[in-house]
Amino acid sequence: MSQEISKNTEQCRIDKLEAMLVQQPHDCFLLHALGLEYSKSGNYTKSLDFFKQVLVVDENYVGTYYHLAKLYERLGQESEAMDIYQQGVMIATRLKDMHARNELLMAMDELE
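Here's what I pulled together on the structure shown here.

**Brief notes about the overall build of the chain**
Broken down by element type, the chain carries six helices and zero strands. In sequence order, the chain lays out its α and β elements as α-α-α-α-α-α. Radius of gyration (C-alpha) of the chain: 15 Å, near the 13 Å computed for a compact globule of 112 residues. For the C-alpha atoms alone, the extent of the chain along its principal axes is close to 40 × 30 × 20 Å. When burial is assessed residue by residue, the chain has 36% of its 112 residues classed as buried. A fraction of 43% describes how many contacts in the chain between residues 6 or more apart in sequence connect residues 24 or more apart. A total of about 6,900 Å² of accessible surface is found on the chain, and carbon and sulfur atoms cover 53% of it. With 11 positive and 18 negative side-chain charges, the chain shows a spacing of 3 Å between the two charge centroids.

**Overview of the packing of aromatic side chains**
This structure, assessed with the given rule, holds one aromatic pair. With 5.7 Å between their ring centres and 5° between their planes, Tyr38 and Phe50 make a pair best called stacked. Highlighted residues: Tyr38 in helix H2 (residues 28-41) and Phe50 in helix H3 (residues 44-57), separated in sequence by twelve residues. Each member of the pair, Tyr38 together with Phe50, is buried.

So, how was this worked out
- Residues numbered from 1 in each chain as written.
- Predicted model: local features only at pLDDT ≥ 70, side-chain atom pairs only at ≥ 80, totals over all residues.
- Heavy atoms only, no water.
- Helix = DSSP H or I, 4+ residues; strand = E, 2+ residues; numbered from the N terminus.
- Rg over C-alpha atoms; globule rule 2.2 N^0.38 Å.
- Buried < 20%, exposed > 50% of the residue type's maximum accessible area, 1.4 Å probe, protein only.
- Contact = heavy atoms within 4.5 Å.
- Areas by Shrake-Rupley, 256 points an atom, 1.4 Å probe, with all protein chains shown as cover.
- Lys, Arg positive; Asp, Glu negative; His and termini not counted.
- Charge placed at Lys NZ, Arg CZ, Asp CG, Glu CD.
- Phe/Tyr/Trp six-rings, centres within 6.5 Å; stacked < 30°, edge-to-face > 60°.

See the structure below:
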């Protein structure tokens, strides 16, 4: 029963986020949040779609690189994951976001 409640709660969050996205279709926070929610629910196709949309809207939304690459890893697509990590490192370096850069580099090291 607790799994059923959990699924209902997940779906409720997804529904709320999607309703907000209708009003703000280019909101990176909402797109990223939906990517995370769909990933948690096991809908990796939708998760990929939302994470990719974030980077189309704003390539500087650095946190998405980590989560998108981790999702590719989970799907067994290591070369895609590595490509996304590398892109994220370049963006984080350009933005002087050393914390994000270091997290991406550590994730890359773990993948190698």
